[in-house]
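Observations on the model geometry
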Amino acid sequence: MRPFDPRKPNLARMYDYMLGGSANYAVDRQAIEQLAELIPQAVPLARANRAFMQRAVRYLSAAGVRQFLDLGSGLPTQGSVHEVAPDARVVYVDNDPEVAAHARSLLAGTDLVAFVEADLLDPDAVLGRAAAHLDLDEPVAVLLISMLHFVPDSAGPQGMVASLRAALAPGGFLVLTHSTSMGHGGARTLRRGSSAGGGADRSVAEIRAFFGDFALEPPGLVQAADWRPDRPKLVVDRSLPSYLMAGVGRKG
């Protein structure tokens, strides 16, 4: 497995830097500084995205969920799932071998947490490897945080998510965030600022369709910052662009 290449920026390390982490190199920090000049909202949106994930995990933990499957996780640093829910079993999944090598080092000695190197577009492989660490006959929360907008329709994300929904036991959850232009070009802007390439600019209705017949937990599919915020919004708070939608769906 190849080591990190410190000469090239890496999306996972860049995200870690945006969240205030230390698992990054100077080349990653420079890339984010350049990105922020072009897209000033990039860093605030990344932090709003992570804050939603943390609130969702706390909410599900309070509801009794003790298993989480985080797909396209990137580096498990800076308030990742296992830090928010330390008593839960957590499986992180990413297909980047650089991320896998570093993640396994970061997670060494954490008995309840595992990292699986797999392609999220192959749900059978993902679930098969996750089953070594999770009991899929019991409720699991599947997290797809800012991943699906990088997957074009031609790659079959709808079928992939449907397979994940079908594999969940009753009481399982699907948690996702997805950018949408909402008439403002947001998803396209976010993609230009990433190194992932490709992707799809989906409407709110198309994003809702990923939940299938799962019942959305209140307040439904809303802007990430508006999903069960920790405190009321203040007049002095700067408003983020309305690109990032978030929701939590439950399997009955």
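Since this is a predicted model, take the numbers as computed values, not measurements.

Turning our attention to the packing of aromatic side chains. One pass over the structure, following the stated rule, counts 2 aromatic pairs. When the ring of Phe52 is compared with that of Trp227, the centres are 5.4 Å apart and the planes differ by 90 degrees; the resulting orientation is edge-to-face. Residue Phe52 is found in helix α3 (residues 42–62), and its partner Trp227 is found in the loop between β7 (222–223) and β8 (244–250); the two are separated by 175 residues along the sequence. Judged on exposure class, the residue Phe52 and its partner Trp227 are both buried.

It is worth spelling out the side chain of Ser80 at this point. Mapped onto the elements, Ser80 comes out in the loop between β1 (67–71) and α4 (81–84). Among the polar contacts made by the side chain of Ser80, one reaches the side chain of Arg50 at a distance of 3.5 Å. Apart from residues no more than four positions distant in its own chain, Ser80 is found in contact with Arg50, Met53, Leu75 and Tyr92.

On the secondary structure map, Asn49 appears in helix α3. Between the alpha carbons of Asn49 and Ser146 there is a distance of 7.6 Å; along the sequence they are 97 residues apart. Engagement of the side chain of Asn49 in a polar contact is seen with the side chain of Ser146, the distance being 3.1 Å.

The tally for this structure, following the rule as stated, stands at 1 salt bridge. Here Asp153 and Arg202 are joined by a salt bridge, their closest N and O atoms 2.8 Å apart. With Asp153 in the loop between β4 (141–145) and α7 (157–167) and Arg202 in the loop between α8 (186–192) and α9 (204–209), this pair connects stretches of sequence that are 49 residues apart.

Within the fold, Val84 resides in helix α4. Excluding anything up to four places from it in sequence, Val84 contacts Gln54, Val57, Arg58 and Gly79.

What follows is about the environment of Asn95. Of note, Asn95 is situated in the loop between β2 (89–94) and α5 (97–106). Given the relative accessible area of 48%, Asn95 is considered partly exposed. Once the C-alpha coordinates of Asn95 and Leu120 are considered, the two residues, 25 residues apart in sequence, prove to be 7.6 Å apart.

Conventions adopted
Residues numbered from 1 in each chain as written. Predicted model: local features only at pLDDT ≥ 70, side-chain atom pairs only at ≥ 80, totals over all residues. Heavy atoms only, no water. Phe/Tyr/Trp six-rings, centres within 6.5 Å; stacked < 30°, edge-to-face > 60°. Helix = DSSP H or I, 4+ residues; strand = E, 2+ residues; numbered from the N terminus. Buried < 20%, exposed > 50% of the residue type's maximum accessible area, 1.4 Å probe, protein only. Polar contact = N/O pair within 3.5 Å; in protein donor to acceptor, adjacent residues only side chain to side chain. Contact = heavy atoms within 4.5 Å. Salt bridge = Lys/Arg side-chain N within 4 Å of Asp/Glu carboxyl O.

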